[in-house]
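Notes for the structure review
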Amino acid sequence: MLNYASSKQKFHPTPPQTLAIGFIIIILIGSFILEAPASHTDGQSLSYLNALYMSTSAVCVTGLSVVNVGADMTTFGQVILMLLIQIGGLGFTTMASLIAIVFRRRISFRERLILQEALNQSTLEGIIPLIKKIILYSLVIEGCGALLFSVRFMTEMPAGQAIYFGVFHSVSIFNNAGFDLFGMFPEYATSFTHYAKDPLINVVSMLLIILGGLGFIVISDLITYRRNKRLTLHSKVVLTTSGILIVLGAVIIFIFEYTNSLTMQPLTIADKIIGSMLQSVSSRSAGVSTVDIASLRQATQFLLILFMFVGAAPGSTGGGIKVTTLAVLFGAAASMIRGRQDVVLFRYRLDQERIHKAITFTLLSFFLLVIATMVLMTTENGPFLSILFEVTSAFATAGMSTGLSSEFSPFGKIFIVILMFVGRLGPVTLAFALTRQPEKEKFRRPEGRITIG
């Protein structure tokens, strides 16, 4: 007779399940630390729901906040938040691999599969060298950003505080989180609005956001371009699509907000241009702003919603459906209009699996936003556009806010927490994590025809 214990199946999580479990564990650990009195200036515990909200927002590099990070959190709490942002931006699998590399522990085949899933790679080839590059590039870019920020902040605060501010904001912006510490100064407005006329802060912020949003694969390609004299198809698509979106967004924001007395009208032409560029760059994932988001015209807010939905590039610190997905969808539409069977980008034909994945990911994301918006419209008080804005920002881990999400009910906050988690993990990855391992079909059914359009 078989032993009951031995007959039980052991749970062997798939790579998507491992990713989901790993993120949940990091979020829970962070929430318990952020709940503690040591994390808050008043010496009292934060409610667990708000602590969970802040931990999820940091690990999922979203940037939505229910507390004033600069005024209400101690240095200890802020450092914990920064560490959660760093872990969330690089991915806990990357951080675990770093520890394994430091201690010279061999990374198993299963661990490589998890890394492949986390980094959106199609093959296992070159995974470990890519991890080393990711860590190196992150440290160098964040270090340069911290240095430039620190030099600028030294003109208005003590050197020690300026360096601390430089490091925190460099990590937060590069990882597309968007948290800031300026709330500790009552005379400063929210986010980076105090620096709307400061070219150094604007330019450094844009560079950090762009580098964080392009993805480490593209950065690696750009660094080796002088030697290889070529870019991969992935890099070409990311750079081209990102460039078009940045310019298009900046032009539209400039036009829409040019005469808005609450945002850009008081600025000079040069400041309006650089402000429009920053908002266009930041809207797709970073959450940094030099204008009051709630004061933007509704047309501009809707544009930001569309840009947040698109997001950054795969393998980056940003969220959204990704710029490559958008490029594939437009490529498929163009091919259909021209009557061509293949989807071709930069003279390369895309396989049908990529196209199906892009369509599936976009539809799942769209329906998730629709359902989430309908639910919160029922449970929360607020205009439709503002609720849609907060929902999209949470799902796309963008961090931009009209200020409404901090006023949500406990149910609304829990819902936003779930959206941030799903957005960071990705609807498709989460769906694979919640379902059984797919089985190969043993036969194909007869082809049928339906009328489209």
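Residues numbered from 1 in each chain as written. Predicted model: local features only at pLDDT ≥ 70, side-chain atom pairs only at ≥ 80, totals over all residues. Heavy atoms only, no water.

Topic: the pattern of salt bridges
Here the structure, examined in full by the defined rule, presents three salt bridges. For Glu156, the salt bridge is made with Arg152, and the minimal N-O distance between the two is 3.3 Å. Glu156 gets classed as partly exposed once you look at its relative accessible area, which sits at 32%. Here Arg152 makes a salt bridge to Asp198, at a shortest N to O gap of 2.4 Å. You can see Arg152 sitting in helix α8 (residues 127–153) and its partner Asp198 sitting in the loop between α9 (159–174) and α10 (199–214), a full 46 residues away along the chain. Judged by its relative accessible area of 18%, Arg152 falls in the buried class. In this structure Asp198 comes out as buried when scored by relative accessible area, which is 11%. (Salt bridge = Lys/Arg side-chain N within 4 Å of Asp/Glu carboxyl O. Buried < 20%, exposed > 50% of the residue type's maximum accessible area, 1.4 Å probe, protein only. Helix = DSSP H or I, 4+ residues; strand = E, 2+ residues; numbered from the N terminus.)

Quick notes on the nonpolar core
Met54, Leu81, Phe153, Phe179 and Ile416 are the most contacted members of the largest nonpolar core, which totals 79 residues. Excluding anything up to four places from it in sequence, Leu81 contacts Leu34, Met54, Ala58, Val69, Met73, Phe168 and Phe179. (Core = buried A, V, L, I, M, F, W, Y, C linked by side-chain atoms within 4.5 Å. Contact = heavy atoms within 4.5 Å.)

What about the packing of aromatic side chains?
Here the structure, examined in full by the defined rule, presents 13 aromatic pairs. Ring centres 5.8 Å apart and planes at 15° place the aromatic pair Phe149 and Phe153 in the stacked group. With a gap of four residues between them, Phe149 and Phe153 both fall in helix α8, about one helical turn apart. Like Phe149, the residue Phe153 is buried in the burial classification. (Phe/Tyr/Trp six-rings, centres within 6.5 Å; stacked < 30°, edge-to-face > 60°.)

Side note on the packing of α9 against α10
One can describe the packing of α9 onto α10 by two numbers: an axis separation of 8 Å at closest approach and a directional angle of 45°. When the axis of α9 is compared with that of α10, the two are oblique. Contact with α9, carried on its side by Ser170, Ile173 and Phe174, involves Ser205, Leu208, Ile209, Leu211 and Gly212 of α10 and no other residues of that element. (Axes fitted to C-alpha atoms, helices over the stretch in contact; angles between N-to-C directions. Parallel < 35°, antiparallel > 145°, perpendicular 65-115°, else oblique.)

A word on helix α14 (residues 269–283)
Residues three or four positions apart in an α-helix share a direction because the helix packs 3.6 residues into each turn. For α14, which comprises 15 residues, the first-to-last C-alpha distance of 21 Å matches the rise-based estimate of 21 Å (1.5 Å per residue) to within 8%. Buried residues dominate α14, accounting for 11 of its 15 residues. Of all the residues in α14, the buried ones are Asp271, Lys272, Ile274, Gly275, Ser276, Leu278, Gln279, Ser280, Val281, Ser282 and Ser283. Its buried side turned inward, α14 meets α10, α13 (233–257) and α15 (298–310). (Expected span 1.5 Å × (residues − 1).)

Concerning the side chain of Gln301
With respect to the helices and strands, Gln301 occurs in helix α15. Given a relative accessible area of 6%, Gln301 falls into the buried group. Filtering out sequence-adjacent residues up to four positions away, Gln301 remains in contact with Ile293, Ala294, Leu296, Leu385, Phe389 and Thr402.

What about the packing of helix α17 (residues 352–379) against helix α18 (residues 384–395)?
Running from amino to carboxyl end, α17 crosses α18 at an angle of 135°, the nearest separation of the two axes being 9 Å. Judged by the inter-axis angle, α17 sits oblique to α18. Regarding α17 and α18, the two cross each other, and that crossing is right-handed. Contacts from Ser365, Leu368, Leu369, Ala372, Thr373, Leu376 and Met377 of α17 reach α18 at Phe384, Ile387, Leu388, Val391, Thr392 and Phe395. (Left-handed = near helix turned anticlockwise from the far one by under 90°.)

Things to note about helix α19 (residues 410–425)
Its 16 residues place the ends of α19 23 Å apart at the C-alpha level, agreeing with the 22 Å of an ideal helix rising 1.5 Å per residue. Residues of α19 that are buried: Gly412, Lys413, Phe415, Ile416, Val417, Leu419, Met420, Phe421, Val422, Gly423, Arg424 and Leu425. The first or second residue beyond α19 is Gly426, which carries a positive phi of 100°.

Here's the deal with a nonpolar patch on the surface
Taken together, the side chains of Ile359, Leu363, Phe366, Phe367, Val370, Ile371 and Met374 make up a nonpolar region of the molecular surface, amounting to roughly 650 Å² of accessible area. For Phe366, the location among the structural elements is in helix α17. (Patch = residues over 30% accessible without salt bridge, like charges linked within 9 Å, V, L, I, M, F, W, Y side chains within 5 Å. Areas by Shrake-Rupley, 256 points an atom, 1.4 Å probe, with all protein chains shown as cover.)

Here's the deal with the side chain of Thr300
Its place among the elements puts Thr300 in helix α15. Once you skip the residues sitting within four places of it in the chain, Thr300 turns out to touch Ile253, Phe256 and Glu257.

As for the confidence of the model for the chain
Averaged over every residue, the pLDDT of the chain is 83; the share at 70 or more is 82%. At the level of individual helices and strands, the chain shows its lowest average pLDDT in helix α1 (residues 4–7), which scores 45, and its highest in α15, which scores 94. Within the model, pLDDT remains below 50 along residues 4–8, and this stretch shows zero contacts once partners closer than five positions in the same chain are excluded. (pLDDT = per-residue confidence, 0-100.)

What about the environment of Ile209?
Checked against the element boundaries, Ile209 lands in helix α10. Separated by 103 residues in sequence, Ile209 and Ala312 have C-alpha atoms that sit 9.6 Å apart. In this view, Ile209 contacts Ile173, Asn176, Leu278, Val281, Ser282, Ala286 and Val288; residues no more than four positions away in its chain are not counted.

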